[in-house]
Amino acid sequence: MPLELFNTLSGKIEPLFASDGTALRMYCCGPTVYDYGHIGNFRTFLHVDVLRRAIRMFGITPRHVMNITDVDDKIIRNAAAAQLPINTYTARYEKAFFEDMQALGCETPEAIARATENIDGMVSLIERLAQQDIAYKVEDGSWYFRIARFPDYGKLSGKDLEGIQDGARIDSDEYEKDSARDFALWKATKPGETSWDTPLGTGRPGWHIECSAMAMKYLGDSFDLHAGGEDLMFPHHENEIAQSEAATHVPFARHWFHVRFLLVEGKKMSKSEGNFYTLRDLLLKGHRASAIRFLLLSVPYRHQLNFTFDGLTESTNAIERLRTFHQRILTGKWPTLAVANNNDPVLSNLIAQGDTNFTASLANDLNTAEARAAIFDVIRAVNTAADRNTLTQPDADATLALLAKFDTIFAVLNDTDAELTKAALAWAEAEGRMADVSTEVLEKFGANSLTDAAIDALVADRTKAKAQRNFARADAIRNELLEKGILIEDSKEGVRWKRK
RNA sequence: GCACCGGUGGCGAAGUGGCUAACGCGCUGGUCUGCAAAACCAGUAUUCAUGGGUUCAAAUCCCAUCCGGUGCUCCA
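Residues numbered from 1 in each chain as written. Chains lettered and ligands numbered in written order. Predicted model: local features only at pLDDT ≥ 70, side-chain atom pairs only at ≥ 80, totals over all residues. Heavy atoms only, no water.

**Some points on unusual backbone geometry**
To keep things clear, this is the line we draw: The helix count covers DSSP runs of H or I at least four residues long, the strand count covers runs of E at least two residues long, and both are numbered beginning at the N terminus. Burial classes follow relative accessibility: with a 1.4 Å probe on protein chains only, a residue under 20% of its type's maximum area counts as buried, one over 50% as exposed, and anything between as partly exposed.
Look at the link from Phe234 to Pro235: it is a cis peptide, with omega at 0°. Relative to the elements of secondary structure, Pro235 occurs in helix α7 (residues 233-248). For the bond running from Trp334 to Pro335, omega is -15°, close enough to zero to count as cis. Mapped onto the secondary structure, Pro335 falls in the loop between α10 (309-331) and α11 (345-363). Even without being a glycine, Trp334 presents a positive backbone phi close to 55°. Tracing the chain through its elements places Trp334 in the loop between α10 and α11. Although it is not a glycine, Leu366 adopts a positive phi angle of roughly 55°. By secondary structure assignment, the location of Leu366 is in the loop between α11 and α12 (368-387). Owing to a relative accessible area of 1%, Leu366 belongs among the buried residues under this scheme.

**Focus: the sheet that holds strand β9 (residues 196-198)**
Short version of the rule: Think of it this way: DSSP has to see at least two bridges between two strands before they count as a pair. Axis geometry follows a simple rule: fit a line to the C-alpha atoms, using only the stretch in contact for helices, then measure angles between N-to-C directions, giving values from 0 to 180 degrees. Contacts are assigned to residue pairs that have any heavy atoms within 4.5 Å of one another.
The sheet built from 5 strands is open, its strands ordered β6-β7-β8-β10-β9 with antiparallel pairing. Whereas interior strands pair on both sides, the edge strands pair on one side only; in this sheet they are β6 (135-137) and β9. The sheet shows a mean angle of 35° between the axes of neighbouring strands, direction not considered. As defined by bridge partners, β6 adjoins strand β7 (residues 143-145) across 3 bridges and the pair is classed as antiparallel. Following the sheet pairing, Ala135 is matched in β7 by Phe145. Contacts from helix α4 (residues 119-131) reach β6, β7, β8 (183-188), β9 and β10 (201-205), with the element oriented near 120° to β8. In this fold α7 packs onto β7 and β8, with an angle of close to 85° to the strand it touches most, β8.

**Quick notes on the sheet that holds strand β4 (residues 61-68)**
To summarise the sheet geometry, strands pair through backbone hydrogen bonds and adopt either a parallel or an antiparallel arrangement. If you trace the 5 strands from one edge of the open sheet to the other, you get β5-β4-β3-β11-β12, paired in parallel fashion. Of all strands in the sheet, those with a lone pairing partner are β5 (111-114) and β12 (253-259), marking the two edges. Direction aside, neighbouring strands of the sheet carry axes that sit 25° apart on average. Strand direction decides the pairing type here: strand β11 (residues 223-229) and β12, joined by 6 bridges, are parallel. In the sheet register, Phe223 faces β12, and the bridge partner there is Ala253. Helix α3 (residues 86-103) contacts β4 and β5 of the sheet and is inclined by roughly 145° relative to β4. Relative to β4, helix α6 (residues 209-219) is tilted by about 150°, and along the sheet it contacts β3 (23-28), β4, β5 and β11.

**Some remarks on the packing of aromatic side chains**
Applied cut-off: Here a pair means two rings of Phe, Tyr or Trp (six-membered ring of Trp) with centres within 6.5 Å. Their orientation is stacked below 30 degrees between planes, edge-to-face above 60, and tilted elsewhere. Placement of a charge over a ring requires the Lys NZ or Arg CZ to be within 6 Å of the ring centre, with the centre-to-atom vector within 35 degrees of the ring normal.
For the coordinates displayed, the defined rule picks out 18 aromatic pairs. Ring plane angle 80° and centroid distance 5.3 Å describe the contact between Phe45 and Phe97, whose orientation is recorded as edge-to-face. Here the residue Phe45 occupies a position in helix α1 (residues 39-57), and Phe97 occupies one in helix α3, the gap between them amounting to 52 residues. You can call Phe45 buried: its relative accessible area is 7%. Where Phe294 meets Phe410, the ring centres are 5.7 Å apart and the plane angle is 70°; that geometry is what we call edge-to-face. Taken together, the residues Phe294 in helix α9 (residues 289-298) and Phe410 in helix α13 (residues 393-410) connect sequence positions 116 residues apart. Here the two residues Phe294 and Phe410 agree in accessibility, since each one is buried. Members of the aromatic cluster, joined through ring pairs, are Tyr36, Tyr89, Tyr93 and Trp427. Over the aromatic face of Tyr93 sits the side chain of Arg92, whose NZ or CZ is 5.3 Å from the ring centroid. Directly above the aromatic system of Phe6 lies the positively charged group of Arg302, at a separation of 3.9 Å from the ring centroid.

Listed below in structure tokens is the structure:
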């Protein structure tokens, strides 16, 4: 079964493969590091993460390059306002970005490419275009791409040139262009602005050129897949194709992958709507990193996702069930799991079917919703068998193997939520953002929160009270802990507790 | 204005021509428990925005209407 994925360029679902027979070369448009990443950004990166994980699950090696845009108008403006050199300014946000990616369980790409470290490549690419008279310089020293010389322009986004021309807003800074549609390859700078002295003149790169130059540097003139958020389709990716193919005369990326925007509480996320959330905002409010990952992945990448706090609660609960089940199979406890001797072929088949369904769902254009459902089907069946003492060791093993497979994609079973929230809390403290921390988080993880030892002591008290059949005392302790977010569970195997 | 996507149970969401409309969360009742929790069992949409049409057969295709969202400009 091949892994198939919708290709924006062809408008069809097509199999993915490594055209060089070794590795699937993919380029993903990364962040512009001028601020902390928000959940919209991460929906895209999370689905790219699932894509690369799925590629590996299907036996293909990914070679994934992601860029960091560390120079652009906003960075220059904000760095100047902060009176910092741009690299000092961007370094903190780049660091934060990778911390956030890790918190969300994203794997690190095989290569990271920074725009400011690849100016030479961009300059030579523009020079190649200039030799063909496709790039031209205007009086102020900026260079533009002559769209009229690239007849395929618009093939990705399906735009016709006339429409663009009519709708184009003319930027007052961009004068002397041959056509309003032509886009900047190299921007002349004003004295004092961040700039590079190059054969093209003094200036800085246009936005699109970095991705063309860096993708080609790391992956070759032609490569397998290019990814990004849906907004990048036009003009960014369209312009990348134009620049690259006009220079090389070979196809740029074969397969284009675009992730749809999310809504927040039914509306487009924006600062003015007051529904704009960074990952850090959510962690400080007490939401778990794993629940955020799971929620953002629960709706397939080509569908709009409505991010809500109810949805986050739902995901938190769903993950609890997954983890509880995983622990049950792993430990044979909570509730007790007795191993049966007689094999139940119906159950064995069900587990195998779950495995097949999981794989098939991902193969079908990364249907993460269906893949998720396949796992829950198995969970219910195996729990039922376990409760009836009909689960055999081979079936338990097969279930664990399936969970492991599930987790190579979803990566939510391993519980690191508490440490991630603590790290966010430490960050808030260091940055003077304690006002953003919810009381719930402070109670659970702040300086006055209960230590594990203190909880264990209270639990021991309660167990003693229970042994004396002093249930009033036992329940009082349980309620006291519950108010502090600690949930106690009794079972035949003894008592366990967890932080809610 | 032009282009496009979507409207499925209380909520989220899969399914895009043919078995009883997945799955998750929630809720109700039961089993277990001192009581809870966890887990299980049963119940939770005779119906897929609305109206018309095509078809032996439609949530799935066509037309119209209403509603939500997106792009055309920096944006994941």
